[in-house]
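Summary of structural features
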Amino acid sequence: MSDHPVLHVKGRVLVGPDDVRDELWVVGGRISYERPGGARDLRTVEGWALPGLVDAHCHVGLDAHGPVPADVSEKQALTDRDAGTLLVRDAGSPSDTRWVDDREDLPKIIRAGRHIARTRRYIRNYAHEIEPEDLVAYVAQEARRGDGWVKLVGDWIDRGTGDLSACWPRDAVEAAIAEAHRLGARVTAHCFAEDSLRDLVEAGIDCVEHATGLTEDTVPLFAEHGVAIVPTLVNIATFPRLAADGEAKFPRWSAHMRRLHERRYDTVRAAYDAGIPVYVGTDAGGSLAHGLVAGEVAELVTAGIPPVEALSATTWGARRWLGRPGLDEGAPADLVVYEGDPRADVRVLAAPRRVVLNGRIVG
């Protein structure tokens, strides 16, 4: 660690929403609030410092057609890093990105293994496509491969009905989630529509991605069980285009997607008001570009979440939820510095002044 420069970050250090300090030091790649003696190779960074941002729904190693080569994965990770995202929860990828862990210049990744979907009920080349009798075995497999998370596809279009519907019977998800928990993994699920939610929550799921199908009946259920949501509003913005493209073949599905889109902000605000934990995720890496974390925070504010809470959903609160440190004494120095106070205007997040990863200025 001796090759790390000593950094002096001064201005306003947002250790928490109300814990604001004047400075911190980076020594040996780690955070210290004590001035080091006899520091050499000293560099100073000034501004408003936050813990490295979190994108809790991101797919490194994936594009619209499936897995991508390592050089493309690297570009994806660098794009996220330069936007200030220094911690990614990779919510399903068919690519092996373990090599990223050896790179001090790339964001840290928490993996959920590969998506687990029903046969012919998801995007081609993305998921393990299986039937319910194999769900427990595949959940166990991905729990062992991942970093404490497993990703299910909870609903998708059923070509027989021409609309979104649940992918798994109740007994299958109950057994699968129980197995994941036995192995120490949490479970999340892709869910656009309404009818998969109750079974998943009552089966013990930990998180739901998108959650556009929340209703006045299921919002209290999520709150009671403490199930988090990651709304991915920058992705939900694509629903009208998807609906238009599928109108001729699946008119029921198209109309459903439009309804989900139209009420998206009301859905997120109702979840927040009920006390459901809400976190920032962009769904980058499928058909969506990387580096959109600032836009997602702004979307949460548009939905009616207070700016400081939307900020916490990508910083202090998100890191706590994922079990990773923020700007704590002795923690790896992963932080982003801005010109202004992001609590006053989250749009500041779109223009990082400096990005510090593992104690080095990388952007």
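Look above for the structure.
None of the values given here were measured: they were computed from a predicted structure.

Spatial ordering of the open sheet is given by 5-8-9, a layout of three strands whose pairing is parallel. At either end of the open sheet lies a strand with only one pairing partner, and these are strand 5 (53-58) and strand 9 (108-111). Neighbouring strand axes in the sheet, compared pairwise and without regard to direction, differ in orientation by 20° on average. In terms of strand pairing, strand 8 (residues 85-90) meets strand 9 through four bridges, oriented parallel. Bridging across to strand 9, Arg89 finds its partner in Ile110.

All right, on to the sheet that holds strand 1 (residues 6-14) then. On the basis of which strands lie adjacent, the open sheet formed by seven strands has the order 3-2-1-4-18-19-20 and mixed pairing. Two strands in the sheet have a free side with no partner beyond their single neighbour: strand 3 (30-32) and strand 20 (360-361). In terms of strand pairing, strand 18 (residues 335-338) meets strand 19 (residues 354-357) through three bridges, oriented antiparallel. In the strand pairing of strand 19, Val336 is matched with Val355.

One recurring pattern in soluble globular proteins: nonpolar side chains tend to sit buried together. Core analysis: the biggest nonpolar cluster contains 78 residues, and Leu135, Ile205, Phe222 and Leu300 have the highest contact counts within it. For this core, the element with the highest residue contribution is helix 3 (residues 170-182), accounting for five residues. Ranked by size, the runner-up nonpolar core spans 14 residues in total, among them Leu7, Val45, Ala333 and Leu335.

The next point concerns the pattern of salt bridges. By the definition in use, this model includes 27 salt bridges. The closest approach of N and O atoms between Asp19 and Arg21, which form a salt bridge, is 3.1 Å. With a shortest N-O distance of 2.7 Å, Asp334 and Lys108 are connected by a salt bridge. Taken together, the positions of Asp334 in the loop between helix 12 (316-322) and strand 18 and Lys108 in strand 9 put the pair 226 residues apart, joining distant regions of the chain. The class for Lys108 is partly exposed, based on a relative accessible area of 25%. Residues participating in the shared-partner salt-bridge network are Arg170, Glu174, Arg198, Asp199 and Glu202.

The subject of this paragraph is the packing of aromatic side chains. Under the defined criterion, the tally for this structure stands at six aromatic pairs. Each member of the aromatic cluster is reached from another via a ring pair, and the members are Tyr122, Tyr126, Trp156, Phe192 and Phe239. One cation-aromatic arrangement involves Arg21 over Tyr33; the distance from NZ or CZ to the ring centre is 4.4 Å. Positioned above the aromatic ring of Trp149 is the side chain of Arg89, whose terminal nitrogen or guanidinium carbon lies 4.6 Å from the ring centre.

Take the side chain of Asp163 next. Along the chain, Asp163 falls in strand 14 (residues 163-166). Sequence-distant contacts of Asp163, that is, excluding residues within four places in its chain, are made with Trp156, Ile157, Asp158, Arg252, Trp253 and His256.

Attention now moves to the packing of helix 7 (residues 239-246) against helix 8 (residues 251-262). If you want to describe how two helices pack, look at the angle between their axes and the distance between the axes. At a minimum axis distance of 8 Å, the contact between helix 7 and helix 8 shows a crossing angle of 170°. On the basis of their axis angle, the class for helix 7 and helix 8 is roughly antiparallel. Handedness of the crossing formed by helix 7 with helix 8: left-handed. Between helix 7, through Phe239, Pro240, Leu242, Ala243, Ala244 and Gly246, and helix 8, the contact on the second element is made entirely by Pro251, Trp253, Ser254, Met257, Arg258, Leu260 and His261. Counted by class, the contact of helix 7 with helix 8 contains nine nonpolar, three polar and one charged residues.

Procedures and definitions
Residues numbered from 1 in each chain as written. Predicted model: local features only at pLDDT ≥ 70, side-chain atom pairs only at ≥ 80, totals over all residues. Heavy atoms only, no water. Pairing = 2+ DSSP bridges. Helix = DSSP H or I, 4+ residues; strand = E, 2+ residues; numbered from the N terminus. Axes fitted to C-alpha atoms, helices over the stretch in contact; angles between N-to-C directions. Core = buried A, V, L, I, M, F, W, Y, C linked by side-chain atoms within 4.5 Å. Buried < 20%, exposed > 50% of the residue type's maximum accessible area, 1.4 Å probe, protein only. Salt bridge = Lys/Arg side-chain N within 4 Å of Asp/Glu carboxyl O. Phe/Tyr/Trp six-rings, centres within 6.5 Å; stacked < 30°, edge-to-face > 60°. Lys NZ or Arg CZ within 6 Å of the ring centre and 35° of its normal. Contact = heavy atoms within 4.5 Å. Parallel < 35°, antiparallel > 145°, perpendicular 65-115°, else oblique. Left-handed = near helix turned anticlockwise from the far one by under 90°. Nonpolar A, V, L, I, M, F, W, Y, C, P; charged D, E, K, R; others polar.

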